[in-house]
Amino acid sequence: FFDILLIIGFIIISLFISQRIYFINSLFSNFDFFNLAVIILAIFRLTKMFVSDSILQWFRDLFLVVKTEKIDNKITITRKLPNGGLRREIALLLDCPWCLTLWLSLITFYVWFSCEQSRFIFFMLSLSGITSIIYIGIKNLQLSLDKKMK
């Protein structure tokens, strides 16, 4: 049921945003490859933040069943999906980078075209995205070199 509701919501939001963009068509005349690259990198960074970064673990925990146990001075935290409902659907969305990217792209494009002051934030997110890509590349290179050394 919630899957269908999410799809219908996505279609409605897409239509609303497309109408809004249609009415502010003059903004597209200034839209170039640099702006597209900034938006793509900002969406990449936002997705990474929501799906895997520890800084937003507290946000993901809002939609999970979190159980903390202390046994022999060791703290164990278990996270499980709720049995059903909207909370479960949001938890699944936050666990799926491809699903979340779809929604974040809609929101990002809407904010980009609606609020010119937000572009600085997206530019900063894109710089952070570039840094993340470089870090991931160096980490993967280091892992492959470590495997070759063994």
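Note that this is a predicted model, so its numbers are computed, not measured. (Residues numbered from 1 in each chain as written. Predicted model: local features only at pLDDT ≥ 70, side-chain atom pairs only at ≥ 80, totals over all residues. Heavy atoms only, no water.)

Regarding the overall build of the chain
- Summing up its helical and strand segments, the chain has six helices and two strands in all.
- Overall, the chain shows an N-to-C arrangement of helices and strands of α-α-α-β-β-α-α-α.
- Buried residues in the chain amount to 25% of all 150 residues.
- Surface accessibility of the chain: about 11,000 Å² in total, with carbon and sulfur atoms responsible for 69%. (Helix = DSSP H or I, 4+ residues; strand = E, 2+ residues; numbered from the N terminus. Buried < 20%, exposed > 50% of the residue type's maximum accessible area, 1.4 Å probe, protein only. Areas by Shrake-Rupley, 256 points an atom, 1.4 Å probe, with all protein chains shown as cover.)

Quick look at the confidence of the model for the chain
- Residue-level pLDDT values for the chain average 84, and 88% of them are 70 or greater.
- Helix H1 (residues 2-23) is the least confidently modelled element of the chain, averaging 69 in pLDDT, while helix H3 (residues 57-61) averages 92, the highest of any element. (pLDDT = per-residue confidence, 0-100.)

Re the packing of aromatic side chains
- Counting across every chain of the model gives six aromatic pairs.
- Between Phe-59 and Phe-63, the aromatic rings sit 5.4 Å apart at their centres with planes inclined by 75 degrees, giving edge-to-face as the arrangement.
- For Phe-63, a relative accessible area of 16% corresponds to the buried category.
- Seen from their ring centres, Trp-112 and Phe-122 are 6.1 Å apart, and the 40 degrees between their planes marks the pair as tilted. Taken together, the residues span a long stretch of sequence, with Trp-112 in helix H5 (residues 97-114) and Phe-122 in helix H6 (residues 119-149) at a distance of ten residues. The exposure classification of Trp-112 matches that of Phe-122, with both residues buried. (Phe/Tyr/Trp six-rings, centres within 6.5 Å; stacked < 30°, edge-to-face > 60°.)

Looking at unusual backbone geometry
- Here Asp-72, not a glycine, exhibits a phi torsion of approximately 50 degrees, which is positive.
- Here Asp-72 shows up in the loop between strand S1 (65-71) and strand S2 (74-80).
- What makes Asp-72 exposed here is its relative accessible area of 71%.
- With a phi close to 60 degrees, Asn-73 is a non-glycine residue in the positive phi region.

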